[in-house]
Structure formats: C-alpha cells, structure tokens
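Geometric and topological summary
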Amino acid sequence: MSTPHNSAAKGQIAETVLLPGDPLRAKFIADNFLTDVEQFNTVRNMFGYTGTYNGKKVSVMGTGMGCPSIGIYSYELIHMYGVKNLIRVGSCGAFDPKLNLYDIVLAIGASTDSNYGAQYKLPGIYSATASWELLSKAKKAADENNITATVGNVLTSDVFYGDDIDSWKSWAKMGLLAAEMESYALYCNANRAGVNALTILTVSDSIVNQTETTPEQREKGFKDMMKIALELA
C-alpha cells in the first residue's frame, strides 16, 4: 500500500485530510487539535498523522511547496488511499487592501501562471474551482463562529521571488484576493478524480500594505482557519 512518498498502510488515513504546506504545521495541528493521534508518514520528513476530532477520524499531512509537490501528495491520497475530502490550510499574501493579517480567505477558484493543467490536453484554459459542498460548509462554519471569511479567487503561482515585482498588480485588477502556490494543482487533481477539495487561507502578509507575520506566527497563530477546517471533518 505504501508509495514512494507515503509509508501509510491501508486504513491509516481518514477520508478527510487537512493539508498544510509545512510538515511542522501538520505536527502542530495533530498535537493541538486531534486526540488519539497516530503518525502514518515520515518519508522525506513530510509528516502525516491521523487522530480524532469530536469523535470523527481526521488526518493531517504536509504537502510541501508548489504545484508539483502538492500534486504528488494529493494524487496519492486520492488514488492510493481513498481520500474524499482534501482541505488545504495555508497562508497567502494579500492583493486586496481590505484584507489584514490573519484574515481568512476561502478560495472559490484558483487562477495560475503554472503549466500544471497542460497534462489534460484541454482545448483551452481550465478554470480550477473548489468543491461547493466544502465551500458552503466552510462559509457557514465561519459565520457561526463569528469569523470573517472572504470568498474569492486566488493566484496559484510557481514563482515566489519573481523578476517582475509588480506583476501582482495585473492579477489584482482582475479581482484576485491573494497569492499562494498550491491550490490550482489540488483543485485539478480533485476535480479530475471527482472528489472534494477546498483551500482555506490565512493572510500571512500583505503585498499591497507591506505587512507580514513571522514564521513562528504562521505555524502557530492560525487558529480561526483551523476552527473552520475542522468543522468540515
């Protein structure tokens, strides 16, 4: 049952998996939000854990950075381990000046500068979108917990240190809320397989307002995002 990237045995991974990019954030989530935790993966230090939350079985696993990395892990989780709900919990850089540090973004769709979608040989440009089932539940959970969550399109970029430092402005003109690096591949894999995926993001820095959080704050300070994500389990 194991793969080149995941040593889990059949049945060790829940049908719902939370997917932070940072494997240390996966460990933090398992240690602080789940009970009866079992670690199922340490391959390449991409930690994966399964535990329970309010009596429900939930897994959490790191994905690394970028479309190629999350593309591998999400594909294996779907096709080798039978995962049905994949919830990315990550950080983003805000394009919208109304978004402040620690605000929540629910990504209804992901635009991209990546070539990830070329593999499908489509006669056009594919619009990668979230599962409405998960998105509607996430917005409801946010409202019930008095958490402001902004729903909109985000940019999944292959480039972190771009040569054109003002390229974000073109995306912002099209109404994109923020930039991150994984959602397009996650949504493509999920949509192709007919399973559910959703990205929930916390604003870790604002490109337009020039503010940012520290790495430690990014690892441990995103509790509103986790409240929403765990309600989807």
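Data block above holds the structure.
Let us look at the structure shown here. As the structure is a prediction and not an experimental result, all values here were calculated from the model.

**Topic: the pattern of salt bridges**
- Scanning the entire structure with this criterion turns up seven salt bridges.
- Residue Arg88 is joined to Glu180 by a salt bridge in which the shortest nitrogen-to-oxygen separation is 2.9 Å. Of this pair, Arg88 sits in strand β5 (residues 85-94) while Glu180 sits in strand β9 (residues 178-180), and the two are 92 residues apart along the sequence.
- Between Glu182 and Arg88 there is a salt bridge whose closest N-O contact spans 2.9 Å. In this pair, Glu182 is assigned in the loop between β9 and α5 (183-193) and Arg88 in strand β5, connecting sequence segments 94 residues apart.
- Looking at Arg88, the relative accessible area reads 3%, which means it is buried.
- Members of the salt-bridge network, linked through shared partners, are Arg88, Glu180 and Glu182.

**What to know about a nonpolar patch on the surface**
- Together, Met1, Tyr75 and Met80 give the surface a local cluster of nonpolar side chains, amounting to about 290 Å² of exposed area.
- With respect to the helices and strands, Met80 occurs in the loop between α2 (67-79) and β5.
- The class for Met80 is partly exposed, based on a relative accessible area of 35%.

About the criteria used
- Residues numbered from 1 in each chain as written.
- Predicted model: local features only at pLDDT ≥ 70, side-chain atom pairs only at ≥ 80, totals over all residues.
- Heavy atoms only, no water.
- Salt bridge = Lys/Arg side-chain N within 4 Å of Asp/Glu carboxyl O.
- Helix = DSSP H or I, 4+ residues; strand = E, 2+ residues; numbered from the N terminus.
- Buried < 20%, exposed > 50% of the residue type's maximum accessible area, 1.4 Å probe, protein only.
- Patch = residues over 30% accessible without salt bridge, like charges linked within 9 Å, V, L, I, M, F, W, Y side chains within 5 Å.
- Areas by Shrake-Rupley, 256 points an atom, 1.4 Å probe, with all protein chains shown as cover.

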